[in-house]
Every structure is written in C-alpha cells, then in structure tokens.
Amino acid sequence: MSYSQRYNVSVPYRGSVSYPASQSGGSTSYSGSVDVDVTIYVDTAPFDGSINRFNSSVIALGGSVTAMNTAQCLAIKKTADEVSTSLINGFFGTISTELSQQIQALDSAIKASLGLLQDQSKAVTAKKDVMDGDYNRITSRYVKLFANLDDECYKRIIALDKPSFSISEKVLKELITESSCNTAAMNLLGIDEASSSKLNIFISSLKRKTLEILKTLHNYINQEISIKSLIDSLLFNEDVKENTPLLVPVIWSESDMLEARGCDQNCYIPDGIAQQGKNAIAQETDYYCRGAKWESACEPEKDAINREFNRLAETHFADAGDAVQQRIYKMMMSLWQNTEISSIGRSL
C-alpha cells in the first residue's frame, strides 16, 4: 500500500561575494546553515495491482496444473486398462483356440476309434451268430443221439432184470393202489359221522377268526393315536432359523420335431408336489437348461449311462423272438452308439 516518509536535515552553505566599487570596491564572504524539511510519498498502487494480477495468474496456473495432472492420470489409467484388457483377451483367445483345436483333434481320433470298434463289433456279432448256429446244430444232433442211447439203455436194463421189474409192477398194482382205494372208501363212510363234529369245529374256528379280525381293526384304528404320541415324544419345540432345502429329481428333455421345425422341450416332475410348485420348478429348470452351456460328458458318466441303457434294452428285448423286434433292437443300439452324450458345464 502507498506510504509517505518525512525527513528533516540541516543544509550548510558558504561562499564569497565580490562587489564593484562604489566608494571603494572589495569582496566579502558568508556562511551558515538552512533547515530543510523533505516529505517523500511512495505510491505503491501500480505495484500492488501487479502483485494481485500475479497471484491470480499463479492460482490459475495451479488449477491448470492440477487439472492437467488429473487428466493425465485418467489417461494413463485408461491406457493401462485397455492394454491389460487386450493382453487378457488375447491370452484367453489363444488358449481357447488351442483348446478348440485339441478338442477337434481328440474328437476326430475318438470318432475314428469308435468307427473301428463298430466294425469290429459287427464282425464279432457275425462270428457269434455263426457260432450260435453251429452250436445249436451240433447240440440238436447230440441230444437226439443221447436220447436214443437212453432209450436203448432203458430197454436193456429191463431185459437184464425182467423178473424184478415184474414183481415191482405187481406190488405197485396190488398193494399200493388197492390200499389207496380202500382208504377212500373208509373216508366216504366216515363223512356222515364226522360232519356234525366238523361243523361245530368250523363254527368255533370262524368265531375265533372273527374275534381276531375285530381286535386287528381296533388296533389299526388306534394306531394313529399311538404313532402321534410316539412322534410327539421324539420331537422338540425348537424354532427353525432358516428354510430347509428340499431336493426334487427333475428330468428335462429336448427332442427334434418331425412334423415341423424346432425342438420339443419337456420337463418331468414326480407326483406329490402341488401344481403351483410344479409350475415354478418347471419354469426355473427350463430357464436354467436353456441358458446352460452343454459340454461333452465325462467318461464315468458315459459308462454309467451306457451300462444302464444296455441293461434296460436287453431286459426289454430278452424274450423278443420276432424278427421285427430284433430289427428294432439292432436299430436302437446302432442309434445309441452313434449318439453323443452331453451334460451341463461344471462352471455353472
């Protein structure tokens, strides 16, 4: 800000003066001091204005530097994120491509091996059919031969010991058969005498069985109360903090439609669940299976499904001697062997 400063000094002086002659000329000298008051006023308004303008410029410069620093940091972070994303996507893309190529190679090898196994299976089946025919033909020939040998042996044994067989037939006819006939006659004669006693015994037995039935019905009616009392004795009055999950088996199937384009999708839920619950389970299962990533099933799952399918097919067609049923069985097994089994990915 502007200010003034006052100074007071004493200024000495001296000198000489020469003057012309009037009556007589000459010169004289003088000396002394003079008090001088000096006031200095300093106007700092222009300087103050320039300082204020400089401060404003410095503040504006600081804001610009801060904004530039922030923008630069954001630009560096954005560039780093883009570089990281590019590196990650490139890495996973490369890995995915490599895995896809390996899967294709393994799939081709498996299909080639499967074709070879199918050819070998057909050859083994044909060989088995030939061996079955040979076995049946040889078996029928030997069965007939052994039957003839048995008949001849039977005739020769009877011829060698014919008196013994004659006595045996006589004893069988006269002793055993006649004794049975006599016993039957005695039973017919004793029916009338034993009818009254048997009737009384039958009525007594019927009464006893009726009492046992009534007692059983009484126990059956009261068993609900007994079971309820037993259950109440085992239960405790405790609060449950959260719901207990209930697992329900559900089958979701998808098949190609023959009459129109598209797929037919169905959900099978066991009975014993309310219709509203069935609708909710079917909706969630359909949403889950439609959006799921299906992958090729692992070997243990394939082996288990294959064993169960073969067991059911063999059980169903075990007694099928018709040519049509045999043809259906062979076609079903051929379609099953050419089927690829898939399951929902483990990442879900």
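Now for a quick tour of the structure.

Conventions and cut-offs
The numbers attached to residues start from 1 for each chain and follow its sequence in the written order. Local features are withheld for residues below a pLDDT of 70 in this predicted model, meaning they are given only at 70 or higher, and side-chain atom pairs are given and counted only at 80 or more; totals for whole chains, interfaces and linings count all residues. Hydrogens are left out, water is left out, and the side-chain values use all remaining heavy atoms of the structure. Runs of H or I in DSSP of at least four residues are treated as helices and runs of E of at least two as strands, each being numbered from the N terminus. Only the protein chains shown count as cover for residues, and the accessible areas themselves come from Shrake-Rupley with a 1.4 Å probe. Only one rule defines a salt bridge in this text: a Lys or Arg side-chain nitrogen within 4 Å of an Asp or Glu carboxyl oxygen. Relative accessibility decides the category of a residue: with a 1.4 Å probe and only protein chains considered, values under 20% of the type maximum give buried, values over 50% give exposed, and everything between is partly exposed. Within the patch definition used here, like charges are joined within 9 Å and nonpolar side chains (Val, Leu, Ile, Met, Phe, Trp, Tyr) within 5 Å, considering only residues with over 30% relative accessible area and no salt bridge. Only Phe, Tyr and Trp rings take part, Trp by its six-membered ring, and two of them pair if their centres are within 6.5 Å. Stacked means planes under 30 degrees apart, edge-to-face means over 60, and tilted covers everything else. A 3.5 Å cut-off defines polar contacts: any pair of N or O atoms within that distance qualifies, except that in protein one atom must be a possible hydrogen donor and the other a possible acceptor, and neighbouring residues in sequence count only when both atoms are side-chain atoms. The contact rule is simple, with two residues in contact once any of their heavy atoms fall within 4.5 Å. Note on terminology: disulfide denotes any pair of cysteine sulfur atoms within 2.5 Å.

Moving on, we come to the overall build of the protein chain. The secondary structure content of the protein chain amounts to 5 helices and 6 strands. Walking the protein chain from its N terminus toward its C terminus, one meets helices and strands in the order β-β-α-α-β-β-α-β-α-α-β. With an accessible surface of roughly 30,800 Å², the protein chain has 60% of that area assigned to carbon and sulfur atoms.

Summed over all chains, the structure comprises 6 salt bridges. Of the charged contacts in the structure, one is a salt bridge between Lys278 and Asp271, with a shortest N-O distance of 3.3 Å. Owing to a relative accessible area of 68%, Asp271 belongs among the exposed residues under this scheme. In this structure, the salt-bridge partner of Arg311 is Glu308, at a minimum N-O distance of 2.6 Å.

On the surface, Val9, Val11, Tyr13, Val17, Tyr30 and Val34 cluster together into a nonpolar patch covering about 490 Å² of accessible area. Only β1 (3-19) and β2 (26-42) provide two or more residues apiece to the nonpolar patch. Here the nonpolar patch takes 4 residues from β1, the largest share from any one element. Take Tyr30: it is sitting in strand β2.

Applying the stated rule across the entire model yields 3 aromatic pairs. Residues Phe91 and Phe92 carry aromatic rings whose centres are separated by 5.5 Å and whose planes lie at 75 degrees to one another, so their mutual orientation is edge-to-face. Assessed through its relative accessible area of 52%, Phe92 is described here as exposed. Relative to Tyr329, the ring of Phe317 has its centre 5.5 Å away and its plane inclined at 50 degrees; by these criteria the two rings are tilted.

Along the chain, Thr285 falls in helix α3 (residues 275-290). Accessibility expressed as a relative area gives 17% for Thr285, which makes it buried. From its side chain, Thr285 meets the backbone oxygen of Ile281 in a polar contact 2.7 Å long. Residue contacts for Thr285: discarding those within four places in its chain leaves Val250, Trp252 and Cys267.

On to the state of the cysteines, then. Across all of its chains, the model carries 0 disulfides by this definition. Cys267 supplies the cysteine sulfur nearest to Cys289, a cysteine that is in no disulfide, at a spacing of 7.4 Å. You can call Cys289 buried: its relative accessible area is 8%.

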